[in-house]
Amino acid sequence: MIRFDLLSAVPDLLHSPLNHSIIKIAREKGYAQTEVHNLRDYSADKHKKVDDYPFGGGAGMVLTPQPVFDCHDALAAQHRYDEVIFMTPDAPVFTQADANRLSLKSNIMILCGHYKGVDQRIRDEIITAEYSIGDYVLSGGELPALVVVDAVVRLIPGVIGDAESALSDSFMDDLLDAPQYTRPAEFRGLEVPEVLRSGDHKKIREWRKRLSEEKTKSIRPDLYDIYLNNQ
Ligand code: ADE
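Residues numbered from 1 in each chain as written. Predicted model: local features only at pLDDT ≥ 70, side-chain atom pairs only at ≥ 80, totals over all residues. Heavy atoms only, no water.

A. Up close: the overall build of the chain. Each helix and strand counted, the chain has 9 helices and 10 strands in total. Taking the principal axes of the C-alpha coordinates as reference, the chain spans close to 70 × 40 × 40 Å. The buried share among the 231 residues of the chain stands at 40%. Across the chain, every contact between residues at least 6 apart in sequence was considered, and the portion connecting residues at least 24 apart equals 75%. Roughly 13,500 Å² of accessible area belongs to the chain as shown, and the carbon and sulfur atoms make up 52% of that amount. Placing the 27 positive and 36 negative side-chain charges of the chain at their respective mean positions leaves the two points 4 Å apart. (Helix = DSSP H or I, 4+ residues; strand = E, 2+ residues; numbered from the N terminus. Buried < 20%, exposed > 50% of the residue type's maximum accessible area, 1.4 Å probe, protein only. Contact = heavy atoms within 4.5 Å. Areas by Shrake-Rupley, 256 points an atom, 1.4 Å probe, with all protein chains shown as cover. Lys, Arg positive; Asp, Glu negative; His and termini not counted. Charge placed at Lys NZ, Arg CZ, Asp CG, Glu CD.)

Printed below as a string of structure tokens:
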């Protein structure tokens, strides 16, 4: 069982994705637990404020230390956290290797930043790992945190029905997936490649590998180089 504690000032952004599809299944089957914590509930401010103006000036508001430290401390008194993660664009990009590693952990806390950022003392004192989900800026860390939870939970053995499925994903072997087809065999005159209907599993494997290599080489040459180096 893996437990995620998600700290956010906009907790409603998190509820629906945690209550549908794979994450919901993982929770119902007892493989994962997700708890959402509203930082406002921990604010000592009489207006339940969780942010303030940046020292030194500048645009936007900064998440203030008090609610985050208090929420963190209350949770850390009950659970031993393997990682306390902060989602932020100024961090290394989250990869499949990170998801694989996190899927072996038991207790993960994720702080979703909002506004302009968070007080650096939070990052210095509480956070053990920081991830970006890509080189673009989102309005908060909630969607990135859900990306991490989804990528991790689906790796837990038993969560995805077909045990093969997570292991055969794109990135598992440094290559992108080959094209997939389902019925009908012909749709608006567009045919499914003959080889996939041949029943010849060796040929199908070879076809998929070739298509995976071609596709990776053309759209992700960076990944293709890694693949070649690992051969
Ligand atoms: N918060 C805002 N943008 C982000 C990004 N790209 N990755 C992670 N957290 C973020």
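B. Seen up close, the packing of helix α2 (residues 21-28) against helix α6 (residues 142-153). Contact pair α2 / α6: the axes reach a minimum separation of 9 Å and the direction vectors enclose 60 degrees. By the criterion of interaxial angle, the relationship of α2 to α6 is oblique. Pair α2 / α6 crosses with left-handed handedness. Mapping the contact onto sequence places Ile22, Ile23 and Ala26 in α2 and Val149, Asp150 and Val153 in α6. Across the contact of α2 with α6, the residue classes tally to 5 nonpolar, no polar and 1 charged. (Axes fitted to C-alpha atoms, helices over the stretch in contact; angles between N-to-C directions. Parallel < 35°, antiparallel > 145°, perpendicular 65-115°, else oblique. Left-handed = near helix turned anticlockwise from the far one by under 90°. Nonpolar A, V, L, I, M, F, W, Y, C, P; charged D, E, K, R; others polar.)

C. Molecular detail of the sheet that holds strand β3 (residues 51-52). Spatially, β3-β4-β7 is the arrangement adopted by the 3 strands of the open sheet, whose pairing is mixed. Each of the sheet's edge strands pairs with one partner strand only, and the pair in question is β3 and β7 (117-118). In the sheet, strand β4 (residues 62-63) pairs with β7 via 2 bridges, with the strands oriented parallel. Bridge pairing in β7 links Leu63 to Val118. (Pairing = 2+ DSSP bridges.)

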